[in-house]
Amino acid sequence: MFSKSKTFTTKGAATKWAKILVDQLEDNEAMNLLGLREALLGDLIRDYIKLKDKSNKPLGRTSAYGYKTIVSFQYYFQPLGRLVLPLAK
């Protein structure tokens, strides 16, 4: 049983919040039924590095350094479904 409440000043704001919440719950339920989980960017990078290390063509020094640099940023802990990167100028 899921229960969550919030107070709003307008009915429109409450309806919008409820629709977003229902969509999130339905997405999570669908992922659970399919046996999926939300992946973190850092998890994918670590898995890729492991696969490359086991292959006959491992990462070079520059690539390895680049991936380690990405992992050191705040994006490392972001779920991919919610990942928002700033636009390049």
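Shown above is the structure to which this text applies.
Computed from a predicted structure; not experimentally measured.

1. Structural notes on the pattern of salt bridges
Turning to step 1, where the next piece is worked out: The final tally for this structure, using the stated rule, is 1 salt bridge.
Turning to step 2, where the next piece is worked out: Of the charged contacts in the structure, one is a salt bridge between R46 and D43, with a shortest N-O distance of 2.7 Å. Here R46 pairs with D43, and both are found in helix α2 (residues 41–54), just 3 residues apart, close to one helical turn.
Turning to step 3, where the next piece is worked out: Residue class for R46 comes out partly exposed when judged on its relative accessible area of 37%.
Turning to step 4, where the next piece is worked out: Residue classification places D43 among the buried residues on the basis of a relative accessible area of 18%.

2. Let's talk about α2
In an α-helix there are 3.6 residues to a turn, and that puts residues three or four apart on one side.
Turning to step 1, where the next piece is worked out: The end-to-end C-alpha distance of α2 is 20 Å, a good match for the 20 Å that 14 residues give at a rise of 1.5 Å each.
Turning to step 2, where the next piece is worked out: For α2, the complete set of buried residues consists of L41, G42, D43 and I45.

3. Looking at the packing of aromatic side chains
Each aromatic ring pair is characterised by the separation of its centres together with the angle its planes make.
Turning to step 1, where the next piece is worked out: Applying the stated rule across the entire model yields 2 aromatic pairs.
Turning to step 2, where the next piece is worked out: Pairing F8 with W17 gives two aromatic rings, centres 5.5 Å apart and planes at 50 degrees, and the pair type is tilted.
Turning to step 3, where the next piece is worked out: For F8, a relative accessible area of 27% corresponds to the partly exposed category.
Turning to step 4, where the next piece is worked out: Exposure remark for W17: the relative accessible area of 22% places this residue in the partly exposed category.
Turning to step 5, where the next piece is worked out: Ring centres of Y48 and Y67 lie 5.5 Å apart, and the angle between their planes is 65 degrees; this geometry places the pair in the edge-to-face category. Of this pair, Y48 sits in helix α2 while Y67 is found in helix α3 (residues 61–72), placing the two residues 19 residues apart along the sequence.
Turning to step 6, where the next piece is worked out: Y48 sits in the partly exposed class, given a relative accessible area of 35%.

Conventions adopted
Residues numbered from 1 in each chain as written. Predicted model: local features only at pLDDT ≥ 70, side-chain atom pairs only at ≥ 80, totals over all residues. Heavy atoms only, no water. Salt bridge = Lys/Arg side-chain N within 4 Å of Asp/Glu carboxyl O. Helix = DSSP H or I, 4+ residues; strand = E, 2+ residues; numbered from the N terminus. Buried < 20%, exposed > 50% of the residue type's maximum accessible area, 1.4 Å probe, protein only. Expected span 1.5 Å × (residues − 1). Phe/Tyr/Trp six-rings, centres within 6.5 Å; stacked < 30°, edge-to-face > 60°.

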